[in-house]
Amino acid sequence: QVQLVESGGGLVQAGGSLKLSCAASGSIFSRNVMGWYRQAPGKQRELVAAITSGGTTNYPDSVKGRFTISRDNAKNTAYLQMNSLTPEDTAVYYCSLNDYSYNYWGQGTQVTVSS
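Residues numbered from 1 in each chain as written. Predicted model: local features only at pLDDT ≥ 70, side-chain atom pairs only at ≥ 80, totals over all residues. Heavy atoms only, no water.

Draft legend 1. Spatial organisation of the pattern of salt bridges. Scanning the entire structure with this criterion turns up 4 salt bridges. Across the pair R38 and E46 runs a salt bridge whose closest N-O atoms are separated by 2.8 Å. As a salt-bridge pair, D61 and K64 come within 3.4 Å of each other at their nearest N and O atoms. As far as burial versus exposure is concerned, D61 and K64 are alike and both exposed. (Salt bridge = Lys/Arg side-chain N within 4 Å of Asp/Glu carboxyl O. Buried < 20%, exposed > 50% of the residue type's maximum accessible area, 1.4 Å probe, protein only.)

As structure tokens, this is what we get:
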């Protein structure tokens, strides 16, 4: 079993920055993909960043250039650095880990960007 715990959410002003952390524990396969998703009220959950255990990243156009995903394999932790935040970034952010056997989810952390 794998458990994911997010932290770092909160309230920030537009134009500000926030860094989220996701600590994974349990039986984790060495080859996996970790990602961050977000879901705003009334909208579908969407991928905002993904990173493989080898360090390859992927971002949608909506966050490209503003968000950076990284991971520390020794600590089993993924991070999401969010810069130039706008109110449209307000959502619950969820961490995920996919090891091609199962997709695990964290409980989510609220990010609110004020104008």
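Draft legend 2. Main features of the environment of Q39. Relative to the elements of secondary structure, Q39 occurs in strand 4 (residues 33-39). Distance in space between the C-alpha atoms of Q39 and G108 is 9.5 Å, their sequence separation being 69 residues. Excluding anything up to four places from it in sequence, Q39 contacts Q44, R45, A91, V92 and Y94. Within the local environment of Q39, its side chain forms a polar contact with the backbone oxygen of K43, the two atoms lying 3.2 Å apart. (Helix = DSSP H or I, 4+ residues; strand = E, 2+ residues; numbered from the N terminus. Contact = heavy atoms within 4.5 Å. Polar contact = N/O pair within 3.5 Å; in protein donor to acceptor, adjacent residues only side chain to side chain.)

Draft legend 3. Molecular detail of the side chain of R38. Looking at the secondary structure, you find R38 in strand 4. Of note is the side chain of R38, whose polar atom sits 2.9 Å from the side chain of D89. Reaching out from R38, the side chain makes a polar contact with the side chain of Y93 at a distance of 3.0 Å. Dropping the residues within four chain positions of it, R38 is found in contact with Q44, R45, E46, V48, S62, V63, F67, E88, D89, A91, V92 and Y93.

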